[in-house]
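Coordinate analysis (summary)
One letter stands for each residue in the lines below.
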Amino acid sequence: MDKKVNRFTGVIPPVSTIVTEEGNLDEKGMGLLIDNLIERGVDGLFFLGTGGEFSQMTFEQRRQVAEFAVKTVDGRVPVLIGTGATSTREVVELNSHAHEIGADGVVIINPYYVKLSEENLFHHFSTAAAASKLPVLLYNFPLLTDQDLSTDFVLRLVNEHENIVGIKETVKDIGHIRDMILNVKAQHPGFSVFCGFEDLFLNTLSLGGDGIIGATGNFAPEPAIEMFRTYWEGDLHRALKLNETLAYLPELYSLDSPFMNVIKEAVSMVGLDISTAVLAPSRSLPEEKKEKLSAILNSAGVLQPQNANQSTE
């Protein structure tokens, strides 16, 4: 695999998994969200990430969602499937399944229950990458895993496995993203570095990064899509104005924990008719928090006036 060819770039939303009140995949709602995002111009779709509720699913549910996603996208944009698990064997099996169904790549977060030594963590990723027939993106989310993927650690993995082609950096420190770009990407130009938080997107681009995998892309992908385009066209004034919009959005992540209910309510508020049900132990967003969410969306300018009125009734 030629690392000089960067296939994954731009705005790739981590897609919410739409489920029924009984906790089953809502194929109609899921298909509606997928089609809507593709029509709005995203550069790819990432399924079964944190916002996709993979950690609340059975093994078979994860396979079902992956199969439906690949079939529904039908080659219109690249598809990434999250295959992270606490078991190395399960990651390997999910990677194999993703390849069998026609996904374009897999995204692996580090095990999130037992904290591993650095060597054991390296062996986990190395085993998964060696067994994968698909490109692999690492997923660094130390707030949830309590274990950061350092630049030196990632560089060592990338040096040994040519199919490790990128990383999703869900970190609040732009310095971490900078170091990943200046050290790993500098040696492997085709290595994609994505930020996970919207307020770091412009900085990520300015440092030489490749895009964003942020949950607000489920309901408001346009500001990030336009920023990506205008930045590379050299319209920095417009990029800065769009950054003002994006800067409001991360506030919604603190409305509830976990935040999957927040994202689904936002998708509904902007006008997409989907179920906002979530998988236990997540619960529906309380009414007072819906009002706060509406206020954030209004401040960011992504909520139409009529929808804003409806969301607080």
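Residues numbered from 1 in each chain as written. Predicted model: local features only at pLDDT ≥ 70, side-chain atom pairs only at ≥ 80, totals over all residues. Heavy atoms only, no water.

Our focus in this paragraph is the sheet that holds strand β3 (residues 45-47). What the nine strands build is an open sheet, ordered β1-β9-β8-β7-β6-β5-β4-β3-β2; its pairing is parallel. One side of each edge strand has no neighbouring strand; the edge strands of this open sheet are β1 (10-11) and β2 (14-15). Pairing of β1 with strand β9 (residues 211-212) involves two bridges; the strand directions are parallel. Bridge pairing in β9 links glycine 10 to glycine 211. (Pairing = 2+ DSSP bridges. Helix = DSSP H or I, 4+ residues; strand = E, 2+ residues; numbered from the N terminus.)

A separate point is the side chain of aspartate 104. With respect to the element layout, aspartate 104 can be found in the loop between α3 (88-101) and β5 (105-109). Look at aspartate 104 and you get buried, because its relative accessible area is 16%. A polar side-chain atom of aspartate 104 sits 2.8 Å from the main-chain amide nitrogen of valine 79. (Buried < 20%, exposed > 50% of the residue type's maximum accessible area, 1.4 Å probe, protein only. Polar contact = N/O pair within 3.5 Å; in protein donor to acceptor, adjacent residues only side chain to side chain.)

Note that the residue after serine 257, namely proline 258, is joined by a cis bond; omega there is 0 degrees. The topology assignment puts proline 258 in the loop between α10 (236-248) and α11 (260-269). Note that the residue after alanine 280, namely proline 281, is joined by a cis bond; omega there is 15 degrees. Backbone geometry places aspartate 74, a non-glycine residue, at a positive phi of 55 degrees.

When the UniProt feature table is mapped onto this chain numbering, "binding site: pyruvate" (unreviewed entry) sits at Ile213. Relative to the elements of secondary structure, isoleucine 213 occurs in the loop between β9 and α9 (222-233). Looking at isoleucine 213, the relative accessible area reads 1%, which means it is buried. (UniProt positions renumbered as here; feature names shortened; annotations may be inferred.)

According to the stated counting rule, one finds 16 salt bridges in the structure shown. For the salt bridge of arginine 89 with glutamate 93, the shortest nitrogen-to-oxygen distance reads 3.3 Å. You can see arginine 89 and its partner glutamate 93 sitting in helix α3, four residues apart, about one turn around the helix. The exposed category is assigned to arginine 89, whose relative accessible area is 64%. We classify glutamate 93 as partly exposed; its relative accessible area is 35%. For lysine 241, the salt bridge goes to glutamate 244, with nearest N and O atoms at 3.5 Å. With lysine 241 and glutamate 244 both in helix α10 and three residues apart, this pair spans about one turn of that helix. The exposure class assigned to lysine 241 is partly exposed, which follows from its relative accessible area of 39%. Assessed through its relative accessible area of 46%, glutamate 244 is described here as partly exposed. (Salt bridge = Lys/Arg side-chain N within 4 Å of Asp/Glu carboxyl O.)

Here we take up the UniProt feature "active site" (unreviewed entry) in the chain. On the UniProt side, "active site" (unreviewed entry) is annotated at positions that read Tyr139 and Lys168 here. Despite a sequence span of 30 residues, these residues sit close together in the fold, their greatest C-alpha distance being 4.8 Å. Residue position: tyrosine 139 is located in strand β6 (residues 136-140). For tyrosine 139, a relative accessible area of 4% puts it in the buried group. Once you skip the residues sitting within four places of it in the chain, tyrosine 139 turns out to touch Phe46, Thr50, Val107, Ile108, Ile109, Asn110, Leu149, Lys168 and Thr170. Here the side chain of tyrosine 139 touches threonine 50 through a polar contact of 2.7 Å, side chain to side chain. Tracing the chain through its elements places lysine 168 in strand β7 (residues 164-169). When residues no more than four places from it in sequence are discounted, the contact partners of lysine 168 are Phe46, Leu138, Tyr139, Asn140, Phe194, Gly196 and Ile213. (Contact = heavy atoms within 4.5 Å.)

Glancing now at the nonpolar core. Soluble globular proteins tend to bury their nonpolar side chains together. In this structure, Leu45, Phe47, Phe201, Phe219 and Leu252 are the most contacted members of the largest nonpolar core, which totals 105 residues. Apart from residues no more than four positions distant in its own chain, phenylalanine 47 is found in contact with Val15, Met30, Ile34, Ala69, Val73, Val79, Leu80, Ile81 and Gly82. (Core = buried A, V, L, I, M, F, W, Y, C linked by side-chain atoms within 4.5 Å.)

The subject of this paragraph is α10. Along its 13 residues, α10 runs 19 Å from first to last C-alpha, staying within 8% of the 18 Å computed at 1.5 Å per residue. Listing the buried residues of α10 in full gives Ala239, Leu242, Asn243, Thr245 and Leu246. For α10, the angular spread of the buried residues around the axis is 160 degrees, confining them to a single face. Where α10 is buried, its residues contact α8 (201-206), α9 and α12 (287-300). (Expected span 1.5 Å × (residues − 1). Arc of directions from axis to C-beta.)

On to the packing of helix α6 (residues 151-160) against helix α7 (residues 174-187), then. Remark: α6 packs on α7, axes separated minimally by 10 Å, with the N-to-C direction vectors making an angle of 20 degrees. The orientation of α6 relative to α7 falls into the category roughly parallel. You can see that α6 and α7 cross each other, and the crossing is right-handed. Here α6 contributes Thr151, Val154, Leu155, Val158 and Asn159 to the contact with α7, which in turn contributes Asp179, Met180, Asn183, Val184 and Gln187. Looking at side-chain class alone, the contact of α6 with α7 contains five nonpolar, four polar and one charged residues. (Axes fitted to C-alpha atoms, helices over the stretch in contact; angles between N-to-C directions. Parallel < 35°, antiparallel > 145°, perpendicular 65-115°, else oblique. Left-handed = near helix turned anticlockwise from the far one by under 90°. Nonpolar A, V, L, I, M, F, W, Y, C, P; charged D, E, K, R; others polar.)

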